[in-house]
Amino acid sequence: MEQDKTANEVLERWQKADRVLTEDRRNYWLNYAFYTGNQWVWWDPVRNIVQNALPSTAYETDRVRLTINKIQERINQLIGRFTDKPIVFEPLPTAADDSTLSGAKLGGYVLEAAKLECGWESIRRENIFNVLMGGTSAICVEWDGQSGEQLMVNQMNSDVVGTGEVTLSPLSIAEFSVTPGSRRWSDAPWWVGCTAVPPEQAQEHYNMGKKPSADAGSTYSPLQRSMLEQRGVDVDSELTAVYVMYERPNRKNETGKRAVVINGKTVFEGEWNLPDEKLNLQVFRQTSVPMKWTGTTIATAARAPQIAYNAVFSTIVEHAKLAGNVRLLVPFGALPDETHLTDEPGEVVNYYAVDNQRPDYMRPPELPRWLTNLPPELEGQLDGILHSHAVSRGMAPGDRNSGLALSILAEKNDTPLGPMARDQAEGWGEIGSKVLGLYGSKAMEIRKKVVFTDTGVPIPFEWNGQRLHGQTRVTVPLDSVVPSNKSATQAMLTNLAQAFPGFGSMIDNDKLIRMLDLPGSKTLSEILDHHIKRSQKENDLMSVGEVILPEQWEDHAKHMAEHNRFRDTDAYRYAPQDIRQMVDAHIQAHQRLIEEEAVRQAELNAIQPGFAGLPQAEEPLGSAVPPDWASLQGQGMQP
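The residue numbers shown here count from 1 along each chain, following its written sequence. In view of the model being predicted, local features appear only for residues whose pLDDT reaches at least 70, and side-chain atom pairs are presented and counted only at 80 or more, with totals across whole chains, interfaces and linings using the full set of residues. Note that the side-chain values use all heavy atoms of the structure and ignore hydrogens as well as water.

**Section: the overall build of the chain**
Secondary structure elements are taken from DSSP: a helix is a run of H or I of four residues or more, a strand is a run of E of two residues or more, and numbering for both begins at the N terminus. Looking only at helices and strands, one finds 20 helices and 21 strands in the chain. Relative to its full complement of 639 residues, the chain shows a buried share of 43%. Considering only intrachain contacts with a sequence separation of at least 6, the fraction spanning at least 24 residues in the chain is 66%. Buried means the residue's accessible area, taken with a 1.4 Å probe over protein chains only, is under 20% of the maximum for its type, while exposed means over 50%, and partly exposed covers the values in between. Residue contacts are defined here by distance: any two heavy atoms, one from each residue, within 4.5 Å place the two residues in contact.

Take a look at the structure:
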């Protein structure tokens, strides 16, 4: 009876929230339909469902109804702009002592490893799609005790006990809700989610003795059912609805609650087991609305011009179908009678001739100019609504081809998306904090992971929650989520180099290549100057305690310059004392090798003037060994 009470509570909360979010979910499914190309639909207010096609009379059954999907093209472009750069997590240490700094640094490695292993970038793309479709989306952060390395199997109920792993689940506005009436989602006492999964998956994950029935169809509203059926999903036989509820500790329920309900029965119930009392949910919004926890989306506003765009092109094609071809005017009696007009080019039309007129061609009428001008105007409206003008699609509009003009246009195009980018950065920073909080409280066993630096160096490390030393605060730089336009940036840098000839000499090739963000920039940079790339890799290895000995043949001046740049960063400044001493000793070793080379070169010249200019294996200063071709080209390369 207690389980039935919990199930009734979860279902009642879900149904109450569904009534409150009717408009938001209606817009989500309609926007989804338009994105997938199903755009000749209409909302039936009497039956409260979406109809698959606009009503037509008997004589309209053969009317042309074109769908030229401009929304999908622009939504995909927006997703690409937001996910162009990989997300970067930066843990924030709470103090400057060695243990705190090492815990924060370790937290960054842990998040980077989890991002690669668990596919957070794909989750990020799905989350951005959900927020563009519905205005509001969320990512649920949970602890799965069955994942990771298996430790034991409970003989009583066959439950698997593992080392555990954090899981992120992207949710659309149609799949979750917080307490209705909340002004801020973070203040809500509970949230409920409903997802549809195959019955076998639900049985396996929740260790159910009997396979649950496929009841997801009954949980969908008429609008959802219609949309899913259009996608070919049999909502009555394929999926099982899984309800999940998290209620944080409060006055009425001091221990909090977690519950999972399937087929109207509670299959799991437990107390709140998270490291803090914050909801294990992070909500994202495309455009915030005052005094509401939900947001709006530009995709909703784009539906109207998309409908008009389809209608205008359908009208033009309808005209071309019957009135857009050239027909032959023939006097009666000259040819057999033709009474049925088709869209066949050059068909014959009989007429009564006057004064023995000869056969001639009847030319189609021209469409009014306002009708032919409508498509570009409507497409411009879509560009304005979805912030995807020509400059964002890699096209230089008109004669504005200067780098400054393109950068201004790109900034004007991306500025309205700034609040969404900031929301993404803040939200993923909170997700990183939640993940480290779960690891800190639940990851007890020592784990081994590998991450890779920007130079491609693999860094193995061991960790557990205790080694994080409570450093769970994380931020995400805005630069890693804000939309950017590569064409505008590259054009601006090119114009700067042309206007200021000394601009290129102030920036080395490696930094210039990274600023231009060219394809294969890492490989190109390594080809142009392998000494610099080698020294950068040594910096990464030394930062994790790897002892590196300088080689006699290295370009010591370039190595020392890169190592000194590393010593000017926070990674060196806040590194443990032994790491700093090792880097200092490495640079001093380079200095000694330079001094030894200078002595050897002087000795060679003392034996015979000019001997120091002969090719030598270590390529010391003065040696006649020429640089490789790629380095020679890089030295003379102008931006």
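Anyway, onward from the coordinates.
**Regarding the packing of aromatic side chains**
Stacked, tilted and edge-to-face are the three classes applied to pairs of Phe, Tyr and Trp rings, where Trp contributes its six-membered ring and a pair requires centres within 6.5 Å; stacked means planes under 30 degrees apart, edge-to-face means over 60, and tilted covers the rest. As enumerated under the stated definition, the model contains 16 aromatic pairs in all. Ring geometry for Tyr109 against Phe461: centres 5.6 Å apart, planes inclined by 40 degrees, an arrangement best described as tilted. Separated by 352 residues along the polypeptide, Tyr109 in helix α4 (residues 98–117) and Phe461 in strand β20 (residues 458–463) bring together distant segments of the chain. Looking at Phe461, the relative accessible area reads 9%, which means it is buried. On the basis of an interplanar angle of 10 degrees and a centroid distance of 5.7 Å, the ring pair of Trp191 and Tyr246 is categorised as stacked. Here the residue Trp191 occupies a position in strand β9 (residues 190–197), and Tyr246 occupies one in strand β10 (residues 240–247), the gap between them amounting to 55 residues. Residue Tyr246 is classed as buried on the basis of its relative accessible area of 8%. Three or more aromatic residues joined by ring pairs make a cluster, and in this case those are Tyr28, Trp29, Tyr32, Tyr35 and Phe129. The criterion is that NZ of a Lys, or CZ of an Arg, lies within 6 Å of the ring centre and within 35 degrees of the ring normal, and then a charge sits over that ring. The ring centre of Trp14 lies 4.6 Å from the NZ or CZ of Arg25, which sits over that ring.

**Here's the deal with a nonpolar patch on the surface**
Residues qualify for a patch when their relative accessible area is over 30% and they have no salt bridge, like charges being joined within 9 Å and the nonpolar side chains of Val, Leu, Ile, Met, Phe, Trp and Tyr within 5 Å. Residue-level accessible areas treat just the shown protein chains as cover; the underlying method is Shrake-Rupley with a 1.4 Å probe. The salt bridge definition used is simple: a Lys or Arg side-chain nitrogen within 4 Å of an Asp or Glu carboxyl oxygen. Taken together, Leu116, Val450 and Phe452 make up a surface patch of nonpolar side chains, about 290 Å² in accessible area. Summarising the element assignment, Leu116 is placed in helix α4.

**Observations regarding the environment of Val482**
Inspection of the secondary structure puts Val482 in the loop between β21 (474–475) and α13 (486–499). Along the sequence, Val482 and Phe82 sit 400 residues apart, while their C-alpha atoms lie 6.1 Å from each other.

**Here we look at the packing of α4 against helix α12 (residues 418–442)**
Here an axis means a line fitted to C-alpha atoms, over the contact stretch when the element is a helix, while the angle between two N-to-C directions is reported on a 0 to 180 degree scale. Remark: α4 packs on α12, axes separated minimally by 11 Å, with the N-to-C direction vectors making an angle of 105 degrees. Considering the angle they form, α4 stands roughly perpendicular to α12. Side by side, α4 and α12 meet where Gly107, Val110, Leu111 and Ala114 of the first sit next to Gly432, Val435, Leu436 and Tyr439 of the second. The residue inventory of the contact of α4 with α12, partitioned by class, reads 6 nonpolar, 2 polar and no charged. In this scheme, roughly parallel covers angles under 35 degrees and roughly antiparallel covers those over 145, while 65 to 115 is roughly perpendicular and the rest are oblique. Throughout this entry, Asp, Glu, Lys and Arg are counted as charged residues, while Ala, Val, Leu, Ile, Met, Phe, Trp, Tyr, Cys and Pro are counted as nonpolar. The remaining residues, Gly among them, count as polar.

**Points about the nonpolar core**
Judged by nonpolar contacts, the single largest core of 81 residues is most densely connected at Leu168, Leu281 and Trp428. Every residue in contact with Leu168, bar those within four places of it in the chain, is listed here: Trp120, Ile123, Ile139, Cys140, Val141, Trp428, Ile431 and Val435. Throughout, nonpolar core names a set of buried Ala, Val, Leu, Ile, Met, Phe, Trp, Tyr and Cys residues whose side chains join them through atoms within 4.5 Å. Counting residues in each nonpolar core, the second largest holds 12 residues, with Cys194, Tyr243, Met245 and Ala259 among its members.

**Regarding the side chain of Asp423**
Within the fold, Asp423 resides in helix α12. One buried charged residue, Asp423, remains without a salt bridge, the closest side chain of opposite sign being Arg285 at 4.9 Å. Excluding its chain neighbours within four sequence positions, the residues that come into contact with Asp423 are Phe284 and Arg285. Only four residue types enter the tally: Lys and Arg on the positive side, Asp and Glu on the negative side, with His and both chain ends excluded.

**What about the packing of helix α2 (residues 22–35) against helix α9 (residues 298–322)?**
Viewed as axis vectors pointing N to C, α2 and α9 meet at an angle of 45 degrees, and their least axial separation amounts to 10 Å. Viewed along their axes, α2 and α9 adopt a mutual orientation that is oblique. The handedness of the crossing between α2 and α9 is left-handed. Contacts between α2 and α9 involve Asn27, Leu30, Asn31 and Phe34 on the former and, on the latter, Ala299, Thr300, Arg303, Gln306 and Ile307. In a left-handed crossing the near helix is turned counterclockwise from the far helix by less than a right angle, and in a right-handed crossing that turn is clockwise.

**Things to note about helix α17 (residues 556–567)**
Between its first and last C-alpha atoms α17 spans 16 Å; for 12 residues at 1.5 Å apiece the expected length is 16 Å, and the two agree. Against α16 (530–543), α18 (570–573) and α19 (577–607) lie the buried residues of α17. For a helix, the expected span equals 1.5 Å multiplied by the residue count minus one.

**Some details on the sheet that holds β10**
Strand pairing in a sheet is mediated by backbone hydrogen bonds. Such pairs are either parallel or antiparallel. The strand order β8-β9-β10-β11-β12 describes an open sheet built from 5 strands, whose pairing is antiparallel. In this open sheet, the two strands that pair with only one neighbour each are β8 (176–178) and β12 (265–270). Geometrically, the sheet is characterised by an average inter-axis angle of 15 degrees between neighbouring strands, direction not taken into account. The pairing criterion for strands is at least two bridges between them, as found by DSSP. Pairing analysis gives 3 bridges linking β8 to β9, with the strands arranged antiparallel. In the sheet register, Ser177 faces β9, and the bridge partner there is Val192.

**Overview of the sheet that holds strand β18 (residues 360–362)**
In space, the 3 strands of this open sheet follow the order β17-β16-β18, with mixed pairing throughout. Edge positions in the open sheet fall to β17 (348–351) and β18, since each of these has one partner strand only. Pairs of neighbouring strands in the sheet enclose a mean axial angle of 40 degrees, with direction left out of account. Note that strand β16 (residues 327–331) and β18 share 3 bridges and pair antiparallel. Paired with Leu329 across the two strands is Asp360, which belongs to β18.

**Topic: the pattern of salt bridges**
Enumeration over the complete set of coordinates arrives at 21 salt bridges. When the shortest N-O distance is used, the salt bridge between Glu112 and Lys115 registers 3.3 Å. With Glu112 and Lys115 both in helix α4 and 3 residues apart, the pair spans about one turn of that helix. Classification of Glu112 by relative accessible area gives partly exposed; the value is 22%. For the salt bridge of Arg567 with Asp584, the shortest nitrogen-to-oxygen distance reads 2.8 Å. Taken as a pair, Arg567 in helix α17 and Asp584 in helix α19 lie far apart in primary sequence, 17 residues in all. Here Arg567 falls in the partly exposed class, since its relative accessible area comes to 30%.

**Here we look at α19**
Given 3.6 residues per helical turn, the α-helix brings residues three or four places apart onto the same face. The terminal C-alpha atoms of α19 lie 45 Å apart, and with 31 residues this matches the ideal 45 Å at 1.5 Å per residue to within 8%. Among the residues of α19, those classed as buried are Ile579, Met582, Val583, His586, Ile587, Ala589, His590, Leu593, Glu597 and Gln601. For α19, the elements touching its buried residues are α16, α17 and α18.

**Some thoughts on the pairing of strand β13 (residues 281–285)**
When you tally the buried positions in β13, you get 5 out of 5 residues, the bulk of the element. Side chains Leu281, Val283 and Arg285 of β13 all project onto a buried face; the interleaved residues Gln282 and Phe284 project onto the opposite face, where all are buried too.

**Examining the environment of Cys140**
Turning to its location among the elements, Cys140 is positioned in strand β4 (residues 136–144). Considering only alpha carbons, one finds Cys140 and Leu281, 141 residues apart in sequence, at a separation of 4.6 Å.

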